[in-house]
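# Structural description and commentary
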Amino acid sequence: MIVGTAGHIDHGKTALVRALSGVDTDRLQEEKARGISIELGYAYVPLADGGVLGFVDVPGHRRFVHTMVTGATGIDLALLVVAADDGPMPQTREHLAILELLGVAIGAVALTKSDRVDGARLAAARQEITALLATSPWREAPVFACNATAPDDAGIAALRTYLHAQAVRPASRAPEGELFRLPVDRIFSLPGHGTVVAGPVAGGQVAVGEMLQRMPGGEAVRVRGLHAQGKAATHAGSGQRAALNLAGIGRDAIARGDWIADPRLFQPGRHVDARMRLLPGSGVALRDGLKLHVHWGSGHRLARVLRLDDGADSRGALVQLVFDAPVCATTGERFIVRDESASATVGGGRLLDPDASPRRRRRPERLAWLLALEGVLAGEGIAPLLAQAPHGIALSTLARRLRLPPDRIELPRQTHVAAGHVIATPQWQALAERIEQSLRDWHARHPDEPGLDAGRLQRLA
């Protein structure tokens, strides 16, 4: 399991991770000199069952919210850190909003610096946290008052016990056999080993020796070696941070925000359809041409927003995000958006169609397709999706939408598979009837002709 911290600057996130793990995650000289976290920090703790609990420590300063979003990607449980003497502050609220938008629905709260306040202030801080979380998915989250600087603090011990208990519970993860993908958040070189990239495994499994791709560039890379949760391993999977030693590519050819993934997973594109909602009080109006910074995976890009529907409910509105260069995304990927100046988080949502067309984007058939994709994400299966595809769907496209190899896709009973495509039986029958009717009409007009070649019949039908 991966635990990520969240909270305002100087509320004790790094000290808390050090107390829980024994590791100082501030590794940069500037971080130690300024006393604040600037980059992501990592710590790993062995568990009694042989597993490893990973910690991702994120910066709390408002200038580094983009780094916090990168750290929050791929975590299983968020640890919201609130100082008892301050209570919830601006970045507490922004980090909480980001976690909700990213779908992190479980967590705990560490009420730090409890030794600096009296009982009345500690009780008031608890009430402030309760009020803050009252309308969020975290309203039942346990609160642990603790002092990260005391070696034998009872609150730290209780929080450690809670986290270890959560780590051994069965996790609700992606489907078995999902295609591998890892968003790169660190790149470095090791003497004698070459290029190493690291990040949370967003889906699937990888083993030493496998061939993958750097995306969106498409370069082939081979996994020469790997570490999972800070230890040398032969494979890594969802719920772990992994470091991959890659052959076939130099360090300068990879950047934060790139993906290392199964070659069947991504098809870069500039237009991505999504469901997006803006936060109450964001001060931003959803309109065509609105420019926003879109964060997903470990990177972000500036995009122009185009409305697809006229209304919006509590889930938000359907939009098309238009990027200035090709990006890689998958159906269901959660994202957040910040304003054009990248100074405030204003909303977020889920990416639906990463292969969106820039033409006729608002037609009813297109909107029905996006609603069917939302149904797939809700567990309704692919039957509604096939119903919106009169000519069927390529198995390679289904693989990208479901993030599964073609041979692991569960097809409904009423389907027909041919030439690498899947088509619903009613759609197949409708096509057959249309072809036959086209032939009948043609023969009725040309009774003396022997027949049609396949190319002309295709144009007629």
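Per-chain numbering applies: the sequence of each chain, read as written, is numbered from 1 onward. pLDDT decides what is reported in this predicted model: residues at 70 or higher carry local features, side-chain atom pairs at 80 or more are listed and counted, and totals for whole chains, interfaces and linings draw on all residues regardless. As a rule here, side-chain values cover all heavy atoms of the structure and leave hydrogens and water aside.

### Overview of the overall build of the protein
For the protein, the helix and strand inventory stands at eleven helices and 25 strands. We compute the radius of gyration from the C-alpha atoms alone; for a globule the expected value is 2.2 Å times N to the 0.38, where N is the number of residues. Taking 2.2 N^0.38 as the reference for a compact globule, 461 residues should give roughly 23 Å; the C-alpha atoms of the protein span a radius of gyration of 25 Å, in line with that estimate. Among the 461 residues that make up the protein, the fraction classed as buried is 51%. Only heavy atoms enter the contact rule, under which two residues are in contact if any of them lie within 4.5 Å. For the protein, the share of sequence-separated contacts (at least 6 apart) that also reach a separation of at least 24 residues comes to 66%. With 54 positive and 49 negative side-chain charges, the protein shows a spacing of 2 Å between the two charge centroids. We count a stretch as a helix when DSSP gives it H or I for four or more residues in a row; a strand needs E for two or more, and each element gets its number in order from the N terminus. Per-residue accessibility, obtained with a 1.4 Å probe over protein chains only, is compared with the maximum for each type, and a residue is labelled buried under 20%, exposed over 50%, and partly exposed between these values. Within this scheme the basic residues Lys and Arg register as positive and the acidic residues Asp and Glu register as negative, but His and the chain ends are omitted. Taken as the charge centre is NZ of Lys, CZ of Arg, CG of Asp or CD of Glu, depending on the residue.

### Describing the environment of L457
Here L457 lies in helix α11 (residues 454-460). For the pair formed by L457 and A154, sequence separation is 303 residues and the distance between their alpha carbons is 79 Å. Contacts of L457, omitting those with residues within four sequence positions, involve I435, S438, L439 and L452.

### Considering the environment of Y162
With respect to the secondary-structure elements, Y162 resides in helix α6 (residues 154-167). Looking at Y162, the relative accessible area reads 19%, which means it is buried. Once the C-alpha coordinates of Y162 and A48 are considered, the two residues, 114 residues apart in sequence, prove to be 14 Å apart. Here Y162 is in contact with L77, G107, A108, P142 and F144, once residues within four sequence places are set aside.

### Looking at the pairing of strand β9 (residues 194-200)
With six of its seven residues buried, β9 lies for the most part within the structure. Two elements, strand β8 (residues 186-190) and β9, share five bridges in a ladder whose sense is antiparallel. Within β9, the position partnered with L190 by the bridge is G194. Here β8 folds back onto β9, and the loop between the two strands holds three residues, one of which, G192, carries a positive phi near 85 degrees. Pairing between strands is defined by DSSP: at least two bridges between the two strands are required. When β9 meets strand β15 (residues 241-247), the two strands line up antiparallel, connected through six bridges. By the bridge assignment, V197 is partnered in β15 with L244.

### Things to note about the pairing of strand β20 (residues 317-327)
Most of β20 is tucked away: eight of the eleven residues are buried. Relative to β20, strand β17 (residues 269-278) runs antiparallel, the two being bridged by seven bridges. Across the sheet, the residue bridging to A274 is V319, located in β20. Sheet topology places strand β19 (residues 299-307) next to β20; five bridges connect them, and they run antiparallel. Each bridged residue has a counterpart across the sheet, and for R304 the counterpart in β20 is V322.

### With respect to the sheet that holds β19
Ordered by their spatial adjacency, six strands build a closed barrel running β17-β20-β19-β18-β21-β22, and the pairing between neighbours is antiparallel. Each strand axis lies, on average, 45 degrees off the axis of its neighbour in the sheet, ignoring direction. Helix axes are fitted to C-alpha atoms over the stretch in contact, other axes to C-alpha atoms as well, and angles between N-to-C directions run from 0 to 180 degrees. Contacts from helix α4 (residues 90-101) reach β17, β21 (334-338) and β22 (345-353) within the one sheet, and its direction differs from that of β22 by about 10 degrees. Sheet strands in contact with helix α7 (residues 364-377) are β17, β20 and β22, and its direction is about 95 degrees off that of β22.

### A short note on the environment of G74
Structurally, G74 can be placed in the loop between α3 (65-72) and β4 (77-83). Separated by 150 residues in the primary sequence, G74 and R224 place their C-alpha atoms 23 Å from one another. Excluding anything up to four places from it in sequence, G74 contacts I2 and P200.

### Things to note about the side chain of H293
Relative to the helices and strands, H293 resides in strand β18 (residues 290-296). Counted as a polar contact is a pair of N or O atoms within 3.5 Å, where, for protein atoms, one must be capable of donating a hydrogen and the other of accepting one, and residues adjacent in sequence contribute only when both atoms are in side chains. Separated by 3.0 Å, the side chain of H293 and the backbone oxygen of E340 make a polar contact. Contact partners of H293, with chain neighbours within four places excluded, come to H300, R301, L302, I336, V337, R338, D339, E340 and A342.

### A few points about the packing of helix α1 (residues 13-21) against α6
Where α1 meets α6, the closest approach of the two axes is 10 Å, and the angle between their N-to-C directions is 75 degrees. In terms of orientation, α1 and α6 fall into the roughly perpendicular class. Across the interface between the two elements, L16, A19 and L20 of α1 pack against I156, L159, R160 and L163 of α6. With respect to orientation, any angle under 35 degrees is reported as roughly parallel, any angle over 145 as roughly antiparallel, any angle of 65 to 115 as roughly perpendicular, and every other angle as oblique.

### Let's talk about unusual backbone geometry
The residue after M215, namely P216, is reached through a cis peptide bond having omega 15 degrees. Tracing the backbone shows P216 in the loop between β11 (211-215) and β12 (219-228). In this model, A342 sits at a positive phi of 60 degrees, which is unusual for a non-glycine residue. Position of A342 relative to the elements: it lies in the loop between β21 and β22. The backbone of R360 sits at a positive phi, close to 50 degrees, despite the residue not being glycine. Topologically, R360 is positioned in the loop between β22 and α7. Using a relative accessible area of 58% as the deciding quantity, one classes R360 as exposed.

### Considerations on the nonpolar core
Throughout, nonpolar core names a set of buried Ala, Val, Leu, Ile, Met, Phe, Trp, Tyr and Cys residues whose side chains join them through atoms within 4.5 Å. Counting 30 residues, the largest nonpolar core has L80, L99, L133 and W138 as its most contacted members. Elements that contribute at least two residues to this core include exactly β1 (2-6), β4, α4, β5 (107-112) and α5 (119-133). When residues of this core are assigned to their parent elements, the largest contribution, five residues, is made by α4. If you look at the next biggest cluster of nonpolar residues, it comprises 25 residues, including V305, F323, F335 and L351.

### Considerations on the sheet that holds strand β3 (residues 52-57)
Backbone-to-backbone hydrogen bonds join strands into a sheet, with any given pair of strands oriented parallel or antiparallel. The six strands lie next to each other as β2-β3-β1-β4-β5-β6, forming an open sheet whose pairing is mixed. With one partner strand each, in any of the chains shown, β2 (41-46) and β6 (143-145) form the two edges of the open sheet. Pairs of neighbouring strands in the sheet enclose a mean axial angle of 25 degrees, with direction left out of account. In the packing of α1 onto the sheet, contacts are made with β1, β2, β3, β4 and β5, and the angle to β3 comes to roughly 165 degrees. Packing of α5 onto the sheet brings it into contact with β4, β5 and β6, and relative to β5 it is tilted by some 150 degrees.

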